[in-house]
Amino acid sequence: MTVIAQEVFGAGYELAERYEQILATKGIEWGLMGPRETDRLWDRHVLNAVALSDLIPIGATVGDVGSGAGLPGIPLAIRRPDLEMTLIEPLLRRYNFLRETIDELGLGDQVRVQRLRAEDCDEVFDIVTCRAVAPLPKLLKWCTPLFFPDGQLVALKGSSAAAEVEEAQRQLSASRMHAEVRQIRAHADTEPTQAIVVGALH
């Protein structure tokens, strides 16, 4: 997995490795990662997060909702120094973890942390990302003001993606939005995953 990570992150690999080590130590100590995740941090978490990279335009402003331990926001910021990243996290312990991690990785010029619920954020971003936060109908309720009408929601999902789009169909139509499921992967040799991409109907 190390060789794949080096190929994916390129010049940012050492930073990505430091972040993976933070997850493996402080992330577990603070209860943000399960102890059984240690051997799967690269493939299941860090590389899984950057599978979104190709769906995000160059130079985009990105709001990462419910950032938790920094996924997918921090790996995306490391992989894509062109992005302007805002991590949105309401819980104090996670917010503190994110602040300390950003400082430790020296990402303060590119990444900022807001202690907010998504529905209390009054900014608008080019792209809103999230991972394991809520089903699509709830995400739309919380996140639409953060990207609509000119941006997109890019939600990292697993096998439930198509069912969530179906469940949200009426909501999408009423808001004049469309959603599609995209198959993505960080590298040809990593497991594929899925993302739901939501934007305005034009």
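Residues numbered from 1 in each chain as written. Predicted model: local features only at pLDDT ≥ 70, side-chain atom pairs only at ≥ 80, totals over all residues. Heavy atoms only, no water.

Across all of its chains, the model carries three aromatic pairs by this definition. When the centroid spacing of 6.3 Å and the interplanar angle of 55° are considered together, the rings of F9 and W42 count as tilted. A residue pair is termed long-range when its members are at least 10 positions apart, and F9 in helix α1 (residues 2-9) and W42 in helix α3 (residues 41-50) qualify at 33 residues. Classification of W42 as buried rests on a relative accessible area of 10%. Judged by centre distance (5.8 Å) and plane angle (65°), the rings of W30 and F97 are edge-to-face. (Phe/Tyr/Trp six-rings, centres within 6.5 Å; stacked < 30°, edge-to-face > 60°. Helix = DSSP H or I, 4+ residues; strand = E, 2+ residues; numbered from the N terminus. Buried < 20%, exposed > 50% of the residue type's maximum accessible area, 1.4 Å probe, protein only.)

With that out of the way, let us pick up the environment of E14. Relative to the helices and strands, E14 is located in helix α2 (residues 13-29). For the pair E14 and I78, spaced 64 residues apart in the sequence, the C-alpha separation amounts to 9.8 Å.

This chain's UniProt record puts "binding site: S-adenosyl-L-methionine" (unreviewed entry) on G66, L71, A118, E119 and R131. Following the sequence through the fold, L71 ends up in the loop between β1 (61-65) and α4 (73-79). Classification of L71 by relative accessible area gives buried; the value is 6%. Setting aside residues up to four positions removed in sequence, L71 forms contacts with Y19, H45, V46, A49, D64 and R131. Among the structural elements, A118 can be located in the loop between β3 (111-114) and β4 (127-131). Owing to a relative accessible area of 7%, A118 belongs among the buried residues under this scheme. Those residues in contact with A118, other than ones at most four positions away along the chain, are V65, I88, W142 and L146. (UniProt positions renumbered as here; feature names shortened; annotations may be inferred. Contact = heavy atoms within 4.5 Å.)

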